[in-house]
Amino acid sequence: MIRSKIAEVQTTMSDEEVALCQRAYDHVRLARHVTTDGDRDELARRIVQSFQHGVRDEDALPRRGVFFFWAA
């Protein structure tokens, strides 16, 4: 899911950066029981977007992703 979002926004990320976003995505998806395609898509989009806006901390990225599901 993360790789498809990266391709959509046409950004270049290293393998380590992709892995960081993937770990954040997996953590939130499992912790918040994100099961629908739409929610998974939105979560991936928000994590990649947060990364693009400078959020690089492994603990901060999941918090940014979780915020969407708390606010909903």
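Cut-off values and rules
Residues numbered from 1 in each chain as written. Predicted model: local features only at pLDDT ≥ 70, side-chain atom pairs only at ≥ 80, totals over all residues. Heavy atoms only, no water. Phe/Tyr/Trp six-rings, centres within 6.5 Å; stacked < 30°, edge-to-face > 60°. Lys NZ or Arg CZ within 6 Å of the ring centre and 35° of its normal. Helix = DSSP H or I, 4+ residues; strand = E, 2+ residues; numbered from the N terminus. Contact = heavy atoms within 4.5 Å. Buried < 20%, exposed > 50% of the residue type's maximum accessible area, 1.4 Å probe, protein only. pLDDT = per-residue confidence, 0-100. Expected span 1.5 Å × (residues − 1).

(A) Local environment of the packing of aromatic side chains. Under the criterion given, the structure shown has zero aromatic pairs. A cation over a ring is seen here: Arg56 above Phe51, with NZ or CZ 3.8 Å from the ring centre.

(B) The environment of Arg56, seen in detail. Following the sequence through the fold, Arg56 ends up in the loop between helix H3 (37-52) and helix H4 (60-71). Taking C-alpha positions, Arg56 is 8.3 Å from Leu20, a pair spaced 36 residues apart along the chain. When residues no more than four places from it in sequence are discounted, the contact partners of Arg56 are Leu20 and Phe51.

(C) Main features of the side chain of Ser50. Following the sequence through the fold, Ser50 ends up in helix H3. Among the residues examined, Ser50 registers a relative accessible area of 7% and is labelled buried. Beyond its immediate stretch of four places on either side in the chain, Ser50 contacts Val55, Leu61 and Arg64.

(D) Examining the confidence of the model for the protein more closely. A residue-level look at the protein finds 86% of positions with pLDDT of 70 or above and a mean pLDDT of 84. Averaged pLDDT values over the elements of the protein bottom out at 70 in H4 and peak at 93 in helix H2 (residues 15-31).

(E) How the structure looks around H3. In a regular helix each residue adds 1.5 Å, so 16 residues correspond to 22 Å; H3 covers 22 Å between its end C-alpha atoms and thus fits that length. All of the buried residues in H3 are Glu42, Leu43, Ala44, Ile47, Val48, Ser50 and Phe51. Gly54 sits one or two residues past H3 and shows a positive phi near 105°.

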